[in-house]
Each structure stands twice: as C-alpha cells, then as structure tokens.
Amino acid sequence: MRIMGKSLIGWICVFVVGFFQFSNAFYLPGSYMHTYSNGDQIFAKVNSLTSIETELPFSYYSLPYCQPLGGIKKSAENLGELLMGDQIDNSPYLFRMNVNQSIYLCTTPPLNEHEVKLLKQRTRDLYQVNMILDNLPVMRFASQNGVKIQWTGFPIGYSPTDGSVDYIINHLKFTVLVHEYEGNDVEIIGTGEEGLGVIERDSKKESGFEIVGFHVVPCSVKRDPELMTKLHMYDNVSSVNCPAELDKYQPIKEQERISFTYEVEFVKSDIRWPSRWDAYLKMEGSRVHWFSILNSLMVIFFLAGIVFVIFLRTVRRDLARYEELDKETQAQMNEELSGWKLVVGDVFREPCCSKLLCVMVGDGVQILGMAAVTIVFAALGFMSPASRGMLLTGMIILYLFLGIASGYVSVRLWRTMKGTSEGWRSISWFAACFFPGIAFTILTALNFVLWGSKSTGAIPISLYFELFFLWFCISVPLTLTGGFMGTKAEQIEYPVRTNQIPREIPARKYPSWLLVLGAGTLPFGTLFIELFFILSSIWLGRFYYVFGFLLVVLLLLTIVCAEVSVVLTYMHLCVEDWRWWWKAFYASGSVSLYVFLYSINYLVFDLQSLSGPVSAVLYIGYSLLMAIAIMLATGTIGFLVSFYFVHYLFSSVKID
C-alpha cells in the first residue's frame, strides 16, 4: 500500500530543504564564536530562577538583587524560549577580559517582611540562579563522598538543617576559562556581546581570547552595610575567602541590609571553542543506553521469529493448499475451514467511528514525522543546546508544515473506507484541530495555574495570539491542501468484496482488550530506559544530547510497534474477529498507557524533591500531553503496517 504519492514526496523534499535554511535564522547569536581582546568588557546575563522542587520558573529580578545601571533589558527570545519560560535579562555583573578583580555591586535597602518571606521561600525550595556568560551557563562543582559533582547555576541561599536561620548567597567567586586564539589569515566572527559583529579577515595575525568555561563558587559573607554603602557600583573591594562558620554568613532577616559583591579570575585553558560545551554534555550511563538497545534487539528478534512463522509456515502454507483446490472444493471447504479465511467478506468492513480513526492516523503521521525529522536534525548537530529554544522551535515549525501530510493521509484513508471523497473538507478540518485542540486545552489549563503562581513559565496573551495565528494561518491551510491532494491521489482498492450482512463474531473466554493492553508492554520495554533519561533532563534540569541513541531507539520502537500490531491482528483474524482496525491501532498505541504510568512512578519515587500540588498538577498535565502524542504516533505505525499486512494477505485469496 502506498500512502504517500509522488506529489507529497516532492512537497516533503522542498520542505526539508527549506527547513535547513529556515533553521539558521533561529540560531541565537551566542552560537557563533566571539573573540575578545585584553580589557574588553563582557556583561553576564541572568536567566529565570528554577528549582527541581517546584518546576515553577520565576524572574531573577523578582528578588531584591542588584539591577543594572541602565535598567533591566530583556534579550531577544524565540518561540521555544518563551514556551519554556526562559526569561533572559541583562545583569550588572561586568567582567574585563584577563583582568582579575574583586568588585562591589550594591547594598539593598532594609529588607521588608515580604522580601524576607520570599527569599526564605525561594531558598528552602532550592531555587537556583542561572547566569550566562558568552552563552555559557555558569557551572559549580562540589565533592560528595569523593565523587566530583557538577551543577549548572548556584543556589539563592543556604538553609541549615535546624531551619532556624536562612542565609543568602551574596558573594560570587567566578573563574572564567579562556583559550588564546591566534589569528592566521582566516575568517572569524567579530567581537561583540550581542554577537552581531561582521565577518572580518584577520590579516594582521592578531591574537584574541575565546571564553571556553564559566565556573562559580557561591559564598555567603556578612559585611558591614555602613562601610559598603560608601562605595559605588564597580568599586574595587578586598578579596575574601568563603567563610566556614555560620556566624559569618549573611542572614535573611527583616531590616537587614545585604551587600552584593563578586570577584573574577581568568584562567588560560587548552579547551578549544568547539569543545567548550563538552563539560555540559557529558554522556552519563552510556552502558545503560547500550543495554537498552540490546534489550530492544532481543524483543525485535523474538517478534520477528513469530512474524516469520506466521508468514512462511502458516499463511503461505494455507494459501498454497487453498489455491490448489478447484472452486467447488473451495466452496465446500469454506464450510469447514476456520480462522482468518472465514472473515474474508468482513475484514474490510468499515469500522465504528471511522472518521475519528482517520483523523487520529493522520495526526499520528504528523507527530511521527515531526519527531523523526527533529531527532535526525538533532543527531546531526543542527540543534545545538547553545541555541536556546531551538529544539522546541524546530519541533513546532516542523509540526505546522507537516500538516500537509496529516491532511493527505486522513483524507486518503477516508476515501479508502467510504469509496468516495465526499466529506473530505470535514476530515481535513478535524485533522487540523484534533491534537492541537487537545494540546491547547491542556496547556491553557496549566497556564492558569502558572498565572496564579506568577511564574515566568506562564505563556503571555500575546504569545497565545501568535500560536493561534501559526495554527490557523499555516497548519490549517496546509492540512486542507494535503486533504485536497488526498482526493486526487490514486484510490486504494480492497482485494475482496464486503458482505452486506456482517458475520457474527464467536464468543471468547476473555475480552480482547486485555490482549491489546498487554501488547503495549513490548514497545514500552524498548523505550523505558531512554524515557528515564528524557524525564531526568526535563525535570532535573540536565542537558539531554544523546540524540544518536534516541534515533536508534526510535527506529527500534517503530519496528517493535509494527511487529506487535501484525501479530495481534493475525491472532484476532484467526479467532474470526474481523474488527481489527481499532485493535491494530491500540495494540501499539497502548504503550502510551505504560509511558503515563511510568511517569507517575517517576514522580513518586524519583522526583521526591518535587513539592506542592501546583508542581504535581504541572507534571501530570505535561505527562498526559506527552502520552497522547506517543499514542497517536505509535498507534499510527501499528495501524498502517497492519493495514498493509491485511491487504497483502487477502489479496492472495481468490474468492468472489
């Protein structure tokens, strides 16, 4: 069966080429190389405050921190950053290339009751300050049981075990790793904090410096506010060591004035520019990834053996015996035979809720195409974490443009079931609004929760209008275009006729849905290990960049879903159950149920630090949306392969 026509393949090729060009426009300036000279000014930026306990991001300046002299200015944000709740602002932290110094920033007015309560709450919720220098997140290190552990960001404060007094982090010791760049008559990107420099030819062989590392040691230091207020911002102060005694920490109390200072040390490093992200993207648990892949291969070989037996030993043997007989004998055998050969007149009978099935298969093709292309691009390095929001932005753009595939598949499947193109506009509209409508409903409900919490993760109203514009001005027209192309494509003809009166299905000892639900365990066994790493990267603030493994897992998952659905479809036909359409879809689509249950298990046992009903509601809402998308994608794989299997099987049966 050919679902895709030549015209659609042409559209896809044009789209892929266009996406390569379009994706370059979404690379943030920080993804390009910056070179600095001695003494060049470099301002750090601050991102939203985040915590693995609440998963609610908040603005950096929602706390009484020092503000820049020129006021707060937001950096350019792309669609992905806005949806993820990233709010990147400028900061007063100023560095001068290769100049080691200790700097005073500001002293706050006396803290009021609200500020003290907010600081203590953010400290006890383990909120982190996320700072960025030359597009590199700040990193801190610690030793625990002899093991070196690294985090991105640093805590707002420190809460002792007794919980009597909370202390704020008000002194930062930065270490900036720089690599000396030797000009050699090559083209480089000009300097500039915003990365908007012009490409120049360095013919004078002048050297420059690249920032290849950004580390911090956070400290709490109690200072005399009377002495500190006599200083001005960026005045030099004496360097201090992080105190070990709590009585030398800066407490968070009402009417307390907090002085913020920092010091910076530049250290030359052998790390080169292309390798500066390696420290953030270290692949942990590579053996576990390989174990997951080997485990999936075992499942595939097991199922492949079953499919091999079905095709070569059972189906072909029965077909050979059946075709050797003359028509009279075949008619006589029809009264004696059992199994799939008896449902030849009902196997292509239109299923119940056929419109919904067509729409779900079409949306599944759209989601599956988006996931596959995104993972391929990411595995090839086109979606670097240095370009914040690029991955999510790329996924949204891909989903919008793949609406043409959704409309095409939905309408063509509808034509196959009905034998006519009548009603294709309704199918196309339904396909364009089904999954996006579910996503908008869930995200809107979660957005009200975020609005109530005053979190930066809440989607602004303006972005809602932008998303609706993208939906109805790009996705919907493309889906309708794909539906129109589906009406012009070659119709898929059934190999056998359908009887007017449906055949009675024999009673079974157990409900068939139990077998369908059980079939989902095999695809889940293929992806559950990789799912753990994905959930950890999303909810524990880790970088996920092993897209090569993820691509392999996606291929293995596709094979397992196809094999599971074929085996289950054949089993249902053998017991004279001709209602295979929805069962083929849910045989592989039921993996989403186990994904959702595993997400709940991860919440209970692995995210024990996650606290509060708001955080739990957000987690469950996002997990539900992910499970629905997985159900549509995997169910589509199983259905299309099963349709091809049934079509091929009964095309070999010559019965009028």
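Residues numbered from 1 in each chain as written. Predicted model: local features only at pLDDT ≥ 70, side-chain atom pairs only at ≥ 80, totals over all residues. Heavy atoms only, no water.

K.L.:
Please give an account of the overall build of the protein chain that cites residues and values.
P.N.:
If you tally the helices and strands in the protein chain, you get 17 helices and 16 strands. Burial analysis of the protein chain (656 residues in total) assigns 52% to the buried set. When contacts within the protein chain are restricted to residue pairs at least 6 apart in sequence, those whose partners lie at least 24 apart make up 84%. Carbon and sulfur atoms make up 61% of the accessible area of the protein chain, which amounts to about 30,900 Å² in all. (Helix = DSSP H or I, 4+ residues; strand = E, 2+ residues; numbered from the N terminus. Buried < 20%, exposed > 50% of the residue type's maximum accessible area, 1.4 Å probe, protein only. Contact = heavy atoms within 4.5 Å. Areas by Shrake-Rupley, 256 points an atom, 1.4 Å probe, with all protein chains shown as cover.)

K.L.:
How would you explain the packing of helix 7 (residues 354–379) against helix 8 (residues 390–401) if you had to name every residue and give the values?
P.N.:
Between helix 7 and helix 8, whose axes approach to 9 Å, the crossing angle comes to 140°. Relative to helix 8, the element helix 7 lies oblique. The crossing of helix 7 and helix 8 is right-handed. The segment helix 7 lies against helix 8, with Gln 366, Ile 367, Met 370, Val 373, Thr 374 and Ala 378 engaging Leu 391, Met 395, Leu 398 and Tyr 399. Counted by class, the contact of helix 7 with helix 8 contains 8 nonpolar, 2 polar and no charged residues. (Axes fitted to C-alpha atoms, helices over the stretch in contact; angles between N-to-C directions. Parallel < 35°, antiparallel > 145°, perpendicular 65-115°, else oblique. Left-handed = near helix turned anticlockwise from the far one by under 90°. Nonpolar A, V, L, I, M, F, W, Y, C, P; charged D, E, K, R; others polar.)

K.L.:
So what's going on with the state of the cysteines? Which residues, and what values?
P.N.:
Summed over all chains, the structure comprises 2 disulfides. There is a disulfide in this structure between Cys 66 and Cys 106, and the S-S distance comes to 1.8 Å. Here Cys 66 and Cys 106 share a disulfide; its torsion about the S-S bond, -90°, makes the bridge left-handed. With a gap of 40 residues between them, Cys 66 in the loop between strand 1 (41–46) and helix 2 (79–84) and Cys 106 in strand 3 (residues 101–107) connect regions that are remote in the sequence. On the basis of relative accessible area, Cys 106 is assigned to the buried category, the value being 16%. Within the protein chain, bonded cysteines paired by disulfides and numbered along the sequence follow the pattern 1-2, 3-4. Among the cysteines around Cys 353, which has no disulfide bond, Cys 352 carries the closest sulfur, lying 4.6 Å off. (Disulfide = S-S within 2.5 Å.)

K.L.:
Provide a residue-level description of the environment of Ile 52, including the pertinent values.
P.N.:
Looking at where Ile 52 falls in the secondary structure, it is placed in the loop between strand 1 and helix 2. Ile 52 sits 74 residues away from Leu 126 along the chain, and the two C-alpha atoms are 7.4 Å apart.

K.L.:
How would you summarise empty space enclosed by the protein if you had to cite specific residues and measurements?
P.N.:
According to the stated counting rule, one finds 1 cavity of 30 Å³ or more in the structure shown. In this structure, the largest cavity occupies an estimated 50 Å³ of space. Lining the largest cavity are Tyr 60, Tyr 65, Tyr 93, Val 129, Phe 154, Ile 169, Leu 172 and Phe 260. In the lining of the largest cavity, the residues fall into 8 nonpolar, no polar and no charged. (1 Å grid on protein atoms, 1.4 Å probe; cavity = no way out; pocket = protein on both sides within 12 Å on 5 of 7 lines; lining within 4 Å. Points joined across faces, edges and corners; volume = space filled by probe spheres on them.)

K.L.:
Mind laying out the nonpolar core, listing which residues take part and the relevant values?
P.N.:
If you look at the biggest cluster of nonpolar residues, it comprises 112 residues, and the most contacted ones within it are Met 131, Phe 174 and Phe 650. Other than its neighbours up to four places away in sequence, Met 131 contacts Ala 44, Lys 45, Val 46, Tyr 93, Leu 136, Pro 137, Val 138, Phe 154, Leu 172, Phe 174 and Phe 214. (Core = buried A, V, L, I, M, F, W, Y, C linked by side-chain atoms within 4.5 Å.)

K.L.:
Break down the pattern of salt bridges for me, citing the residues and quoting the values.
P.N.:
In total, this model carries 12 salt bridges according to the counting rule given. The partner of Asp 134 in a salt bridge is Arg 276, with the nearest N and O atoms 3.2 Å apart. Taken as a pair, Asp 134 in the loop between strand 5 (131–133) and strand 6 (136–137) and Arg 276 in the loop between strand 16 (259–268) and helix 5 (286–323) lie far apart in primary sequence, 142 residues in all. There is no split in this pair, since Asp 134 and Arg 276 are both buried. It is possible to trace a salt-bridge network through shared partners that takes in Asp 577, Arg 579 and Lys 583. (Salt bridge = Lys/Arg side-chain N within 4 Å of Asp/Glu carboxyl O.)

K.L.:
I'd love a proper account of the packing of aromatic side chains, names of residues and values included.
P.N.:
One pair of aromatic rings is described through two measures. These are the centre distance and the angle between the planes. Taken as a whole, this structure holds 42 aromatic pairs when the rule is applied. With a centroid separation of 6.0 Å and an interplanar angle of 55°, the aromatic rings of Trp 424 and Phe 484 are classed as tilted. A residue pair is termed long-range when its members are at least 10 positions apart, and Trp 424 in helix 10 (residues 424–452) and Phe 484 in helix 11 (residues 461–488) qualify at 60 residues. Aromatic pair Phe 440 and Trp 471: ring centres 4.9 Å apart, planes at 15°, arrangement stacked. One end of the pair, Phe 440, is in helix 10; the other, Trp 471, is in helix 11, and 31 residues separate them in sequence. Trp 471 carries the same exposure label as Phe 440, and that label is buried. Taken together, Phe 348, Tyr 494, Trp 580, Trp 581, Phe 639, Phe 643 and Phe 650 form an aromatic cluster joined through their ring pairs. (Phe/Tyr/Trp six-rings, centres within 6.5 Å; stacked < 30°, edge-to-face > 60°.)

K.L.:
Before we move on, could you go through the sheet that holds strand 1 and cite the residues and values that matter?
P.N.:
Here 4 strands make up an open sheet; going across it, the order is 2-1-5-6 and the pairing antiparallel. Looking at which strands have only one partner, the edges of the open sheet turn out to be strand 2 (89–96) and strand 6. (Pairing = 2+ DSSP bridges.)

K.L.:
Quick rundown of a nonpolar patch on the surface? Include the residues and the values.
P.N.:
A contiguous nonpolar surface patch, about 570 Å² in accessible area, is contributed by Tyr 510, Trp 513, Leu 514, Leu 517, Leu 593 and Leu 597. It is helix 12 (residues 512–519) that provides the largest number of residues to the nonpolar patch, a total of 3 residues. Inspection of the secondary structure assignment puts Leu 514 in helix 12. Exposure remark for Leu 514: the relative accessible area of 44% places this residue in the partly exposed category. (Patch = residues over 30% accessible without salt bridge, like charges linked within 9 Å, V, L, I, M, F, W, Y side chains within 5 Å.)

K.L.:
Summarise helix 12; cite the residues concerned and give the values.
P.N.:
Think of an α-helix as 3.6 residues a turn; residues three or four steps apart then line up on the same face. Where helix 12 is concerned, the buried positions are Ser 512, Val 516 and Ala 519. Across the axial projection of helix 12, the buried residues extend over an arc of 65°, all falling on one side. In this structure, the buried side of helix 12 is in contact with helix 13 (521–539), helix 14 (547–574) and helix 15 (581–589). (Arc of directions from axis to C-beta.)

K.L.:
Describe the confidence of the model for the protein chain, with residues and values.
P.N.:
Of all residues in the protein chain, 82% attain a pLDDT of 70 or more, and the chain-wide mean is 81. The least confident element of the protein chain, judged by mean pLDDT, is strand 14 (residues 199–201) at 41; the most confident is strand 16 at 95. Within the model, the stretch residues 1–31 combines pLDDT values under 50 with 60 contacts to residues more than four positions away or in other chains. Scored below 50 in pLDDT, residues 185–205 shows 41 contacts in the model against residues more than four places distant or in partner chains. (pLDDT = per-residue confidence, 0-100.)

K.L.:
I'd like a description of helix 11, backed by residues and values.
P.N.:
A rise of 1.5 Å per residue sets the reference length of helix 11, with its 28 residues, at 40 Å; its end C-alpha atoms lie 40 Å apart and thus fit the reference within 8%. Along helix 11, the largest kink reaches about 25° and is centred on Ser 475; proline Pro 477 follows within four residues of it. (Expected span 1.5 Å × (residues − 1). Bend = angle between axes of the 7 residues up to and from the residue.)

K.L.:
Requested: an account of the environment of Asp 86, with residues and values cited.
P.N.:
As for its position among the elements, Asp 86 is in the loop between helix 2 and strand 2. Separated by 302 residues in sequence, Asp 86 and Arg 388 have C-alpha atoms that sit 8.9 Å apart. Among all residues touching Asp 86, those that are not within four sequence positions of it are Asn 47, Ser 48, Glu 77 and Glu 81.

K.L.:
Can you break down the side chain of Asp 166 residue by residue, with the values?
P.N.:
Here Asp 166 lies in the loop between strand 10 (157–158) and strand 11 (167–168). The buried category is assigned to Asp 166, whose relative accessible area is 0%. In terms of polar contacts, Asp 166 uses its side chain to reach the side chain of Ser 159, at 2.7 Å. With near-sequence residues (within four places) excluded, Asp 166 lies in contact with Lys 120, Arg 124, Tyr 158, Ser 159, Gln 250, Pro 251 and Ile 252. (Polar contact = N/O pair within 3.5 Å; in protein donor to acceptor, adjacent residues only side chain to side chain.)

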